[in-house]
Each structure stands twice: as structure tokens, then as C-alpha cells.
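# Coordinate analysis (summary)
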Amino acid sequence: MARVVCIHGIGQQHAGERGLHTSWYPALSDGLTRAGAPDVLGPDDVRCVFYGDLFRPPGRMLSVQDPPLTAADVSEGLEADLLLAWWAEAARTDDAVPGPDARTLARTPATVQRALNALSRSRFFAEVALRAMVLDLKQVRAYLCDTALGDVVQKRVANAVTDRTQVVVGHSLGSVVAYEALCAHPDWPVRALLTLGSPLGVRNLVFDRLRTGAGGRPGDWPGSVRSWTNIADEGDVVALAKDLRPLFGSQVRCHVVHNGARAHDVTRYLNTREAGRAVTDACGLA
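Described in the following lines is the structure provided in the data block.

About the cut-offs
Residues numbered from 1 in each chain as written. Predicted model: local features only at pLDDT ≥ 70, side-chain atom pairs only at ≥ 80, totals over all residues. Heavy atoms only, no water. Phe/Tyr/Trp six-rings, centres within 6.5 Å; stacked < 30°, edge-to-face > 60°. Axes fitted to C-alpha atoms, helices over the stretch in contact; angles between N-to-C directions. Helix = DSSP H or I, 4+ residues; strand = E, 2+ residues; numbered from the N terminus. Parallel < 35°, antiparallel > 145°, perpendicular 65-115°, else oblique. Contact = heavy atoms within 4.5 Å. Nonpolar A, V, L, I, M, F, W, Y, C, P; charged D, E, K, R; others polar. Pairing = 2+ DSSP bridges. Core = buried A, V, L, I, M, F, W, Y, C linked by side-chain atoms within 4.5 Å. Buried < 20%, exposed > 50% of the residue type's maximum accessible area, 1.4 Å probe, protein only. Expected span 1.5 Å × (residues − 1). Right-handed = clockwise from strand over helix to strand, strands pointing away.

### Topic: the packing of aromatic side chains
- One pass over the structure, following the stated rule, counts six aromatic pairs.
- One aromatic cluster is present, formed by Y179, F207, W221, W228 and F248 through successive ring pairs.

What follows is the structure, given as C-alpha cells:
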């Protein structure tokens, strides 16, 4: 019966509900302290929805070692386009990343390899192996394009939200999941949406693929929420569009924060005063 429901993003296939809670809850508590409302939410007031297992391949008997993922495994279309968008944003915010040029207009395996090589030099992807980067791209495509998988994820969110839930928090791809869930359930009592490091404002690749329920369209206000706070780090490559207001309306409160070298880290987003204030306002804790 959580008051705050949290939804993770990509790259969490080796995590779990309880493991996420052990990092998300303390970080959110620190954010509440920064906002002047310490110790107002207990551990049972926060629940983490987990869907990363849907991207984890099943176990198998040992055989010949699988070949490592390479640039050739990046599919044409959404995966390649999203990779190039990450490259352009990384080059804009990080001097160590060589920028794309006219040659990137052609989506070729060579271009994909150049993008992966360039991103490997960025602060944002410094500790991300090529295999993990390619898998992240595939997770985004799977959720946005595989209706059956998306339905399973949405069902898990619906099972977590109760008549006591006041805030939904979505990080990275989880912000897309959260937005779609709230649009599909305007009857929910949720007062506030908090999105962190969100790709919701990425036209064509994400925004135009949003599922908003019968009669809805991308850009609609998310269900019954009264307030929506979006927080992004200037160096967060996933959050390509830091300001969501042009697509979702002037009511969205948009903040830019500084997370240091770990720009996309959810705990660094959660422990900010801005995140704490969004939750305290929604829960009437101020």
C-alpha cells in the first residue's frame, strides 16, 4: 500500500524489487531532508516496480561461448537512430567526444561503430561496456515496439498502484512507463508525477511512439495528476530534451540539476532538494 511508486529504467535486468528499494528509498529520504521534511516516509511507503527480468535471457546449459555483441547487432531504425541521437548529445555536452558530421547522415554499420567508439570516450558512458550499450538500445526498442512486453510492464505498474498511492516516480525509460500508465488510468488517485533523466521529450524516437490509451495522443496531460516535475542533468545523454514543456504543456515544472560524473544516476536525482520538494508537495508533507 505504498504512497510512492517508483519505476526503474534500462539496464536493470540483473537487479530486483528489493535491491532497488535499498538504494532508491535512502536517496529519496535524503531528498526529503534537503526539502525540509525528514523521516516522513517509512520504507513501506515506497515501492519499486521491477520489470528488468523481462529483458534477462533465460538460463541454459553451457555450450560454445556466445559471440560478443558488436556494432553489427545494432538494428536499423529505432536502435541506430537513438544511438546517433545519444552521440550528438554527448558531443554537445562533453569536449572529449568527437561530434558526428555529414557522414553520419547515412545509417551504415561503419557509422554505428563510429558512434559506439565516440560514446566510449564520454564521461557518461565511460564505465559502460559496448555489449551493455547495445543491450540498452534493444531494451528501449523492445518496450516501445513490442506491445505484448509493454502490456506486461504496464500490468506490473497497475498492480503496485493502490488508492493510497500519491506519487509515481519514473527514471529513464521508467518515466515513459509511468507516463503511459497514468494516461491509461485517469481514475487513479495519484497526485503527482516525478520524472528523472527522462527521454519523453525525444521527438520521433520516443514521444511519437507513446501509448496514451483510447482516444489519447502523445502530449496529453498524464491522467489525474495535479503536478508534474521533471528533473534532468545537463550532461544526461538519455534526457535529450531537458525541457518537456514544449511538448507536454507549461504546467510541467522543469529543473536542471548537477549530478557530477554520474549524470544519469537515479540516486543522485532522488537526493536533490527538487525531487524531495516534488514528493512533499504531493503528499502534503511540507
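### So, the packing of helix α1 (residues 17-34) against helix α9 (residues 273-283)
- Relative orientation of the contacting elements α1 and α9 amounts to 85°, with a least axis distance of 7 Å. Considered as vectors, α1 and α9 are oriented roughly perpendicular to each other. Where α1 abuts α9, its residues L28, G31, L32 and R34 lie against R273, G276, V279 and T280.
- Split by residue class, the contact of α1 with α9 holds three nonpolar, three polar and two charged.

### Side note on the sheet that holds strand β6 (residues 253-257)
- Spatial strand order, β2-β1-β3-β4-β5-β6: six strands in an open sheet with parallel pairing. The open sheet terminates on both sides in strands that have one partner only, identified here as β2 (46-49) and β6. Each adjacent strand pair in this sheet contributes to an overall mean axis angle of 20°, direction not counted.
- Of the strand pairs in this sheet, strand β5 (residues 227-233) and β6 are connected by five bridges, and their pairing is parallel. When the bridges of β6 are listed, I231 appears paired with H255.

### Side note on the environment of L196
- Residue placement: L196 occurs in strand β4 (residues 192-196).
- Distance in space between the C-alpha atoms of L196 and I231 is 5.0 Å, their sequence separation being 35 residues.

### A short note on the nonpolar core
- W86 and F248 are the most contacted members of the largest nonpolar core, which totals 64 residues.
- Of all the elements in the fold, those that place two or more residues in this core are β1 (4-7), α2 (78-93), α3 (109-119), α4 (130-145), α5 (147-160) and α6 (173-184).
- Here this core gets 10 residues from one element, more than from any other, and that element is α2.
- Residues contacting F248, with those up to four places away along its chain left out, are Y179, L200, F207, L210, G219, D220, W221 and W228.
- If you look at the next biggest cluster of nonpolar residues, it comprises 29 residues, including Y25, C48, I231 and A278.

### A look at α9
- Restricting attention to buried positions, one finds in α9 the residues A275, G276, A278, V279, T280, A282 and C283.
- Looking at the buried residues of α9, the elements they touch are β1, α1, β3 (167-171), β4, β5 and α8 (266-270).

### Quick word on α2
- Along its 16 residues, α2 runs 23 Å from first to last C-alpha, staying within 8% of the 22 Å computed at 1.5 Å per residue.
- Of all 16 residues making up α2, 12 are buried, and the element is well covered by its neighbours.

### A closer look at the pairing of β4
- Of all five residues in β4, five are buried, a share of seventy percent or more.
- Because side chains alternate across β4, one face comprises the buried residues A192, L194 and L196, and the other comprises L193 and T195, equally buried.
- Strand direction decides the pairing type here: β3 and β4, joined by five bridges, are parallel. Bridge pairing in β4 links V167 to A192.
- A crossover connection joins β3 to the parallel β4 through α6; in handedness this β-α-β unit is right-handed.
- With five bridges joining them, β4 and β5 adopt parallel strand pairing. The residue bridging A192 from the neighbouring strand is S227, located in β5.

All we've got here are geometric facts, nothing functional implied.
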